Number of protein chains: 2
Amino acid sequence: MKLGKIGEYEFVAEPFHCDFSHQLMLGHLGNSMLNAADYHSNDRGYGMEYLNTVHRTWVLSRLAIEMERMPKAYDKFKIATWVESAMKYFTSRNFAVMSADGRPLGYGRSIWAMIDTDTRQPVDILAVRDGLISEYIETDQPCPICKSSRVKIDDDVELVRSVSTYYSDVDVNGHVNSVKYIEHVLDLFDIDFYKTHRLKRMDVAYVAESHQGDLLNFYVQQMGDTHIIRITKSSCSKTEEVEVVRVSMDFIKE
Amino acid sequence: MKLGKIGEYEFVAEPFHCDFSHQLMLGHLGNSMLNAADYHSNDRGYGMEYLNTVHRTWVLSRLAIEMERMPKAYDKFKIATWVESAMKYFTSRNFAVMSADGRPLGYGRSIWAMIDTDTRQPVDILAVRDGLISEYIETDQPCPICKSSRVKIDDDVELVRSVSTYYSDVDVNGHVNSVKYIEHVLDLFDIDFYKTHRLKRMDVAYVAESHQGDLLNFYVQQMGDTHIIRITKSSCSKTEEVEVVRVSMDFIKE
């Protein structure tokens, strides 16, 4: 029997993945979203498991998460995910995060590209299995959060921190894990800040890959309740910094 | 119906929790063990969920993990856990890690204390619910790895790295998460090292707590294939360093 267009997966807010306030940390929620995307695409034949056999893989290009409420320690929660559109070089995938009894907690939007794992160059998504992904486009399911828009940042913003990258930053894809950037960005704010501010929305644009040994530099520009962060990488061999990720964070004072 | 003495829990080696070699990172395995311990004790009435209501909590004192084989990306695996002994101030809990079809992959041993969450002082484990934990002591189940022994380290070993601690290092307990130390220690070795060395066993002794803002200092002494690591904390307010964790790692060259 052919699977439906929407996949739904259960997770638990593990206690050691929750912060001082007993709420799930956003990085771990992001990881669960990426897992849901991975399970959903594998189950339907266009996931990493198949792609690796033909030297291709998915690459996350953008991720937006907007939450009204975070799961608390031990809460079961569900993530529904579906592909909203698929074009030659980009596909958009949405997420709905729900409590165990189905109440909406928040939503996510993401944009993915596909690359050749040998050349690291973009390839035609619709050429995989005769455009199999197109059979699973779901346009009726609402995802009531704004699409990500281009995040602007001034050139002369302050360097706030530099962070080295190590073994455990790198995942199966061989480059720094998408969620690790989110954790580093969350870490720019301290526990006292999180006691009075709730992170309502985070937009992440993945621009380039970084690898173990790269130094990540965090430049932050504040505009009201919004913080824009540019992450660059620098390495021993190159003095020039290259932008790898750009993030926008919208906080609500509580 | 009263639950059995041994609890068994299923996990998945999530792809983004696996390293460059597609094997589950040891820190994430450790997290799964702590989850298994937490589920097992909660289900039996002497877990963190109950303890928090009486201002008590479990504190991990020692953790040893010895693995023959690590789960690979997408592998389901099981962790069985049981309490081997319970005394006034310490209880020992063992773990068996198995593949989905029940083959042993490795084992773990741990020692826990209980503290008063207000005073942070040790309290009598057997005073909780009239010694309820004693009803679940399992001594017949084998755990065929050595107990942890005291790890000695010279006084004048090299400071290899200092690492700042941030928001995401701190879990529901309000102090730096036990698994974070494991990740920092794993990160003392680079991917090239892991390409030729397998971590067979890790022993971790948790000596004191550290908190957001503390600087963690890593001192390493190599003795053959064994690396001993002393982690100290220092903070702005105190110049004196205090030992927080001591680790022993046994590698096998492959």
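Residues numbered from 1 in each chain as written. Chains lettered and ligands numbered in written order. Predicted model: local features only at pLDDT ≥ 70, side-chain atom pairs only at ≥ 80, totals over all residues. Heavy atoms only, no water.

Q: What am I meant to see in the domain arrangement of chain A here?
A: Bring the parts together and some accessible area is lost; that lost area is often taken as the interface size. Residues and elements named next belong to chain A. According to the domain assignment, chain A contains domain 1 (7-136) and domain 2 (158-253). On a C-alpha basis, the centres of domain 1 and domain 2 stand 20 Å from each other. With 21 residues of domain 1 in contact, the opposing surface of domain 2 contributes 20 residues. Counting each side, the surface lost to burial between domain 1 and domain 2 is near 1,700 Å², with a carbon and sulfur contribution of 55%. The partner of arginine 201 in a salt bridge is glutamate 66, and the shortest N-O contact between them spans 2.8 Å. (Domains from an automatic or database assignment. Contact = heavy atoms within 4.5 Å. Buried area = accessible area lost by both parts, 1.4 Å probe. Salt bridge = Lys/Arg side-chain N within 4 Å of Asp/Glu carboxyl O.)

Q: Help me out: how do you make sense of the state of the cysteines in this one?
A: Covalent bonding between the sulfur atoms of two cysteines defines a disulfide. Residue and element names in this part refer to chain A. Tallied over the full model, the rule gives zero disulfides over all chains. Considering cysteine sulfurs only, cysteine 146 is the nearest to cysteine 143, which forms no disulfide, with 10 Å between them. Overall, cysteine 143 belongs to the buried group, its relative accessible area being 8%. Accessibility expressed as a relative area gives 56% for cysteine 146, which makes it exposed. (Disulfide = S-S within 2.5 Å. Buried < 20%, exposed > 50% of the residue type's maximum accessible area, 1.4 Å probe, protein only.)

Q: Before we go on, may I ask you to explain the sheet that holds strand 7 (residues 197-206) of chain B in this structure?
A: Strand pairing in a sheet is mediated by backbone hydrogen bonds. Such pairs are either parallel or antiparallel. Residue and element names in this part refer to chain B. Pairing within the open sheet is antiparallel, and its 10 strands lie in the order 1-3-4-5-2-7-10-9-8-6. Only two strands of the sheet have a single neighbouring strand rather than two, namely strand 1 (7-12) and strand 6 (158-164). The average undirected angle you get between the axes of adjacent strands in this sheet is 25 degrees. Across six bridges, strand 1 lies against strand 3 (residues 76-86) in antiparallel orientation. By the bridge assignment for strand 3, glycine 7 is matched with threonine 81. (Pairing = 2+ DSSP bridges. Helix = DSSP H or I, 4+ residues; strand = E, 2+ residues; numbered from the N terminus. Axes fitted to C-alpha atoms, helices over the stretch in contact; angles between N-to-C directions.)

Q: Got a minute to help me understand the relation of the copies chain B and chain A in this structure?
A: These two copies of the chain differ by a rotation about an axis and a displacement along the same axis. For the pair chain B and chain A, the relating rotation is 180 degrees, the translation along its axis is 0.0 Å, and the fit reaches an RMSD of 0.0 Å. Here the transformation between the copies is reduced to the relation of a two-fold axis. Rotation axis and chain B: the residue whose C-alpha lies nearest the axis is valine 163 of chain B, separated from it by 4.8 Å. (Least-squares fit on C-alpha atoms with pLDDT ≥ 70 in both.)

Q: Honestly, the UniProt feature "domain: Acyl-ACP thioesterase-like C-terminal" (unreviewed entry) in chain A in this entry has me stumped. Any pointers?
A: Per the UniProt entry, the sites bearing "domain: Acyl-ACP thioesterase-like C-terminal" (unreviewed entry) are residues 161-238 of chain A in this numbering. Across residues 161-238 of chain A, the secondary structure splits into 19% helix and 41% strand, with the terminal C-alpha atoms separated by 19 Å. (UniProt positions renumbered as here; feature names shortened; annotations may be inferred.)

Q: For this particular structure, what's the right way to read the pairing of strand 2 (residues 56-67) of chain B?
A: Successive side chains on a regular strand alternate, one facing one side of the sheet and the next facing the other. Residues and elements named next belong to chain B. The buried fraction of strand 2 is high, at nine of 12 residues. Pairing of strand 2 with strand 5 (residues 104-116) involves 11 bridges; the strand directions are antiparallel. Within strand 5, the residue paired with leucine 60 across the bridge is tryptophan 112. Pairing between strand 2 and strand 7: five bridges, direction antiparallel. Within the sheet, the bridge partner assigned to arginine 62 lies in strand 7 and is alanine 205.

Q: Help me understand the interface of chain B and chain A, please; the structure alone is not making it clear to me.
A: The interface of chain B with chain A comprises 38 residues on the first partner and 38 residues on the second. Here chain B meets chain A over a buried area of about 3,700 Å², counting both sides, of which 58% is carbon and sulfur. Sorting the residues of chain B by area buried against chain A places Phe16, Tyr167 and Val172 of chain B first, and these three jointly supply 24% of that buried surface. Where chain B packs against chain A, one counts zero salt bridges. At the boundary of chain B with chain A, the tally comes to 22 residue pairs in polar contact (both at pLDDT 80 or more). The set of elements that each furnish at least two residues to the side of chain B that touches chain A consists of helix 1 (26-43), helix 2 (48-53), helix 3 (178-186) and helix 4 (191-196) of chain B. Per-element tally for the side of chain B that touches chain A: the top contributor is helix 1 of chain B, with six residues. Its residues assigned to classes, the side of chain B that touches chain A shows 19 nonpolar, nine polar and 10 charged. (Polar contact = N/O pair within 3.5 Å; in protein donor to acceptor, adjacent residues only side chain to side chain. Nonpolar A, V, L, I, M, F, W, Y, C, P; charged D, E, K, R; others polar.)

Q: Where do I start with the pairing of strand 10 (residues 238-253) of chain B in this structure?
A: All names here are of chain B. Looking at chain direction, strand 7 and strand 10 are connected through nine bridges and run antiparallel. Residue pairing in the sheet places leucine 199 in a bridge with phenylalanine 251 of strand 10. Taken together, the nine bridges between strand 9 (residues 226-235) and strand 10 define a ladder with antiparallel strand orientation. Its bridge partner lying in strand 10, isoleucine 228 is registered against serine 248. Connecting strand 9 to the next strand, strand 10, in antiparallel fashion are two residues.

Q: How should the sheet that holds strand 6 (residues 158-164) of chain A be read in this particular structure?
A: All names here are of chain A. Spatial strand order, 1-3-4-5-2-7-10-9-8-6: 10 strands in an open sheet with antiparallel pairing. Edge positions in the sheet fall to strand 1 (7-12) and strand 6, since each of these pairs with one other strand and no more. Averaged over all pairs of adjacent strands, the angle between their axes in this sheet comes to 25 degrees, without regard to strand direction. Relative to strand 10 (residues 242-253), strand 7 (residues 197-206) runs antiparallel, the two sharing nine bridges. When the sheet's bridge partners are listed, valine 204 is paired in strand 10 with valine 247. Strand contacts of helix 3 (residues 178-186): strand 2 (56-67), strand 6, strand 7, strand 8 (215-223), strand 9 (226-234) and strand 10, with the helix running at about 140 degrees to strand 7, the strand carrying the most contacts.

Q: Could you clarify how one ought to interpret the packing of aromatic side chains in this entry?
A: Each aromatic ring pair is specified by the distance between its two centres and by the angle formed by the two planes. Counted by the stated rule, this structure contains 24 aromatic pairs over all chains. Measuring from centroid to centroid gives 5.8 Å for tyrosine 9 of chain B and tyrosine 39 of chain B, while their planes differ by 55 degrees, and the two rings are tilted. Placement of the pair is tyrosine 9 of chain B in strand 1 and tyrosine 39 of chain B in helix 1, with a sequence separation of 30 residues. Through a chain of ring-to-ring contacts, the aromatic side chains of Phe20, Phe189, Phe193, Tyr194 and Phe251 of chain A together with Tyr167 of chain B assemble into a single cluster. A cation sits over an aromatic face here: lysine 2 of chain A above tyrosine 136 of chain A, 4.9 Å from the ring centre. (Phe/Tyr/Trp six-rings, centres within 6.5 Å; stacked < 30°, edge-to-face > 60°. Lys NZ or Arg CZ within 6 Å of the ring centre and 35° of its normal.)

Q: Is there a simple way to think about the side chain of threonine 91 of chain B in this case?
A: Residue and element names in this part refer to chain B. Along the chain, the position of threonine 91 falls in strand 4 (residues 91-99). Within the local environment of threonine 91, its side chain forms a polar contact with the backbone oxygen of serine 85, the two atoms lying 2.8 Å apart. In this view, threonine 91 contacts Trp58, Val83, Ser85, Ala86, Ser110, Ile111, Trp112, Ile125 and Ile133; residues no more than four positions away in its chain are not counted.

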